[in-house]
Amino acid sequence: MPGLLRGVARTAVIAGTATAVSNRVSRRQGGRWAQQDAQQQAQEQAQQQAPPPPAAAPPADDMTTKIEQLKQLSTLKEQGVLTETEFAEQKRRLLG
C-alpha cells in the first residue's frame, strides 16, 4: 500500500504542477493578446482621428513670378533659342 500511496501522491504533484504552469502560460498569453489588442485599437483610433493629409496646393503664381518668366522667355528669344512663334506660344501659356 505505501507504494500505491506514493504513486498517487506523485501523480497529484505532477498534475498540480502542470495545472499551475498551464494557468501561468494562459495568463501570460492573455496579457500579451490584451496588449496587442490595445495597441491595435490605439492605432485605429489615431488613424480615424488624424485629419487626411492636405492636398498639394498649386504654386501661387503671383505677378512677379510671371514677370520673371517673361523676362527669361524674352532673353531666350533675343539669343535666338526661341522663334517668334515659340515665344508667342509660351507667353500665351504663361499668361493664359
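Rules and cut-offs
Residues numbered from 1 in each chain as written. Predicted model: local features only at pLDDT ≥ 70, side-chain atom pairs only at ≥ 80, totals over all residues. Heavy atoms only, no water. Helix = DSSP H or I, 4+ residues; strand = E, 2+ residues; numbered from the N terminus. Buried < 20%, exposed > 50% of the residue type's maximum accessible area, 1.4 Å probe, protein only. Areas by Shrake-Rupley, 256 points an atom, 1.4 Å probe, with all protein chains shown as cover. pLDDT = per-residue confidence, 0-100. Patch = residues over 30% accessible without salt bridge, like charges linked within 9 Å, V, L, I, M, F, W, Y side chains within 5 Å. Salt bridge = Lys/Arg side-chain N within 4 Å of Asp/Glu carboxyl O. Lys, Arg positive; Asp, Glu negative; His and termini not counted. Charge placed at Lys NZ, Arg CZ, Asp CG, Glu CD.

**Quick word on the overall build of the protein chain**
- A tally of helices and strands in the protein chain yields 3 helices and 0 strands.
- The order of α-helices and β-strands along the protein chain, N terminus first, is α-α-α.
- For the protein chain, buried positions account for 4% of its 96 residues.
- Of the roughly 8,600 Å² of accessible surface on the protein chain, 57% is carried by carbon and sulfur atoms.

**Things to note about the confidence of the model for the protein chain**
- In the predicted model, the protein chain carries a mean pLDDT of 82, and the fraction of residues at 70 or more is 86%.
- When mean pLDDT is taken per element in the protein chain, helix 2 (residues 63–79) scores highest with 89 and helix 1 (residues 2–49) scores lowest with 84.

**Here's the deal with a positive patch on the surface**
- On the surface, R24, R27, R28 and R32 cluster together into a positively charged patch.
- One can find R27 in helix 1.
- On the basis of relative accessibility, which here comes to 59%, the residue R27 falls in the exposed class.

**Remarks on the pattern of salt bridges**
- On inspection of all chains with the given rule, the structure shows 3 salt bridges.
- A salt bridge links E84 to K77, with the shortest nitrogen-to-oxygen separation between them at 3.3 Å.
- We note a salt bridge from E89 to R93, for which the minimum N-O separation is 3.2 Å. Placement of the pair is E89 and R93 together in helix 3 (residues 84–95), with a separation of 4 residues, close to one helical turn.

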